[in-house]
Structures are given as C-alpha cells and as structure tokens.
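Chain residues, written in single-letter form:
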Amino acid sequence: MPELIPVLNKNDIDNMVTRVASKISSDYQDHELILIGVLKGAFVFLSDLVRHLSIPVKLDFIRVCSHGSGVSSSGNIRLTKEIEMDVNNKDVLLVEDIVDTGLTLSYIIDYLKAFNPRTVKVCALIDKHERRNANIKVDYACHKAAEGFLVGYGLDYNENYRNLPCIYHLKL
Ligand code: 5GP
C-alpha cells in the first residue's frame, strides 16, 4: 500500500497562498493581469489564489501532458488545450502546480511568446529548484521542495489524490 506522509497542512497552504497572493496583488496593482492556469494540477491552487487576490484579473487555462503515468517527467511534452484569450500586449501570469526540471514550463513559455504578451511571469505552488534543467525563472513560489513525489491539493499520482485538501509525500 502506498504511504501518504503529511508535508503541508491546510493552515500551511492558506498562509503560503495568502502571502503569494498579496505580493502578486501589489506587483500588478495598475496592470491588466491575465492568469493562465496549467491543467490539471494547478486547478485547486488557482481557485484559492484568485480568491486571495485584491486586484481584478482575467482567467484562462492551458493544458499540457508531460508526466506520463509515473513519478518522473517524460520530457515529452504535448499541448492538449490551447489558450482562448487574446494575450497580445497583456501581462500574463502562468499558474503551475510544480516546477521540477522546468521543461514543461519552458515549453509553455515558448508557446505563449508566439502570441506577443507584454510580460510572462510564473507562479508555482511548489518549486523543486534542485532538479532544474531549463533556463526559466519562478517569479512567485509558494513552497520550495527538495525531493520526493507530492500529491494532494490538485496534485496527482495516476489521477488519484487530487481531491485531498492537504499535500503529502507519496511513498510507493
Ligand atoms: P517538469 O517539466 O518541470 O520536470 O515537470 C513538471 C510537471 O511534472 C508538473 O506540472 C507536474 O505535473 C509533474 N510533477 C513534477 N513533480 C511532481 C510531484 O512531486 N508530484 C506530482 N503530482 N507531479 C509532479
């Protein structure tokens, strides 16, 4: 049986999201901001994040498949849902669940740049910075993690555990 070891509880998550939302609200105070959530993993984080923002924002989603069905990134990234909003000359904030090697994010940023946004920044729930293998910057990170496979709060393992309200380390 896989074991779930608690990493972040509801209170930890609430504090992290509040802190990052307040920074984003202050940085983008006089800007028209478009948040682009990366499906599926960021859906819970994004829904909490937007409710903590004190500035008006618009929302869109993108979906990429990159992880296969295991615990390590395949590096083989495929776009399965395009953006629908016009981001030309707009400030865009990508909202990701986890940035690990950074290959997924690098692919998404390259895709978005073709639509000529004014700026593209990145907000991630979890920044696994030690395994970074792409030249990208995580502008807003809620939590930095070193190793281990995390589930819950939108994060899955083979589509399971997304509904858990807290974040756990999955020990297989
Ligand atoms: P990267 O391309 O940065 O290596 O991988 C990013 C994607 O891999 C994330 O969007 C996420 O879907 C998945 N991923 C990486 N680490 C984890 C993890 O610890 N738990 C889960 N559930 N997904 C992960």
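Residues numbered from 1 in each chain as written. Predicted model: local features only at pLDDT ≥ 70, side-chain atom pairs only at ≥ 80, totals over all residues. Heavy atoms only, no water.

Q: Before we move on, can you summarise the overall build of the protein with the specific residues and values?
A: When helices and strands are tallied, the protein shows three helices and nine strands. When the helices and strands of the protein are read in sequence order from the N terminus, they spell out β-α-β-α-β-β-β-α-β-β-β-β. By the compact-globule yardstick of 16 Å for 172 residues, the protein fits well, its C-alpha radius of gyration being 15 Å. Each principal axis of the C-alpha atoms in the protein carries an extent, and together these give about 50 × 35 × 25 Å. Within the protein, buried positions represent 44% of all 172 residues. Partitioning the intrachain contacts of the protein with sequence separation of at least 6 by distance along the chain shows that 67% fall at a separation of at least 24. Averaging the coordinates of the 20 positive side-chain charges in the protein and doing the same for the 22 negative ones gives two points 1 Å apart. (Helix = DSSP H or I, 4+ residues; strand = E, 2+ residues; numbered from the N terminus. Rg over C-alpha atoms; globule rule 2.2 N^0.38 Å. Buried < 20%, exposed > 50% of the residue type's maximum accessible area, 1.4 Å probe, protein only. Contact = heavy atoms within 4.5 Å. Lys, Arg positive; Asp, Glu negative; His and termini not counted. Charge placed at Lys NZ, Arg CZ, Asp CG, Glu CD.)

Q: Lay out helix H3 (residues 103–113) in plain terms, naming residues and giving numbers.
A: The periodicity of an α-helix, 3.6 residues per turn, causes residues three or four places apart in sequence to face the same way. All of the buried residues along H3 are Thr-104, Leu-105, Ile-108, Ile-109, Tyr-111 and Leu-112. Taken down its axis, H3 places every buried residue within 160 degrees of arc, on the same side. Away from the buried face of H3 by more than 90 degrees, exposed residues Asp-110 and Lys-113 are located. (Arc of directions from axis to C-beta.)

Q: Go over helix H2 (residues 43–52) with me, naming the residues and quoting the values.
A: What H2 keeps buried is the set Val-44, Phe-45, Leu-46 and Leu-49. Elements that come into contact with the buried residues of H2 comprise helix H1 (10–27), strand E2 (33–39), strand E3 (57–65), strand E5 (91–99), strand E6 (119–127) and strand E7 (140–144).

Q: I'd love a proper account of the sheet that holds E6, names of residues and values included.
A: Pairing within the open sheet is mixed, and its six strands lie in the order E4-E3-E2-E5-E6-E7. Each edge of the sheet is formed by a strand with only one pairing partner; in this case those strands are strand E4 (78–81) and E7. Taking the axes of each pair of neighbouring strands and ignoring which way they run, one obtains an average angle of 30 degrees across the sheet. Looking at chain direction, E2 and E3 are connected through seven bridges and run parallel. Considered in E3, the bridge of Leu-39 is made with Arg-63. Where H1 meets the sheet, it contacts E2, E5, E6 and E7, and its direction lies at approximately 165 degrees from that of E7. (Pairing = 2+ DSSP bridges. Axes fitted to C-alpha atoms, helices over the stretch in contact; angles between N-to-C directions.)

Q: Break down the sheet that holds strand E1 (residues 3–8) for me, with residues and values.
A: Read from one edge to the other, the open sheet built from three strands follows the order E1-E9-E8, with strand pairing classed as antiparallel. For this open sheet the edge positions go to E1 and strand E8 (150–151), each flanked by a neighbour on one side alone. As defined by bridge partners, E1 adjoins strand E9 (residues 167–171) across five bridges and the pair is classed as antiparallel. Paired with Ile-5 across the strands is His-169, a residue of E9. In the packing of H1 onto the sheet, contacts are made with E1 and E9, and the angle to E1 comes to roughly 40 degrees.

Any functional reading would require information beyond the geometric quantities listed.
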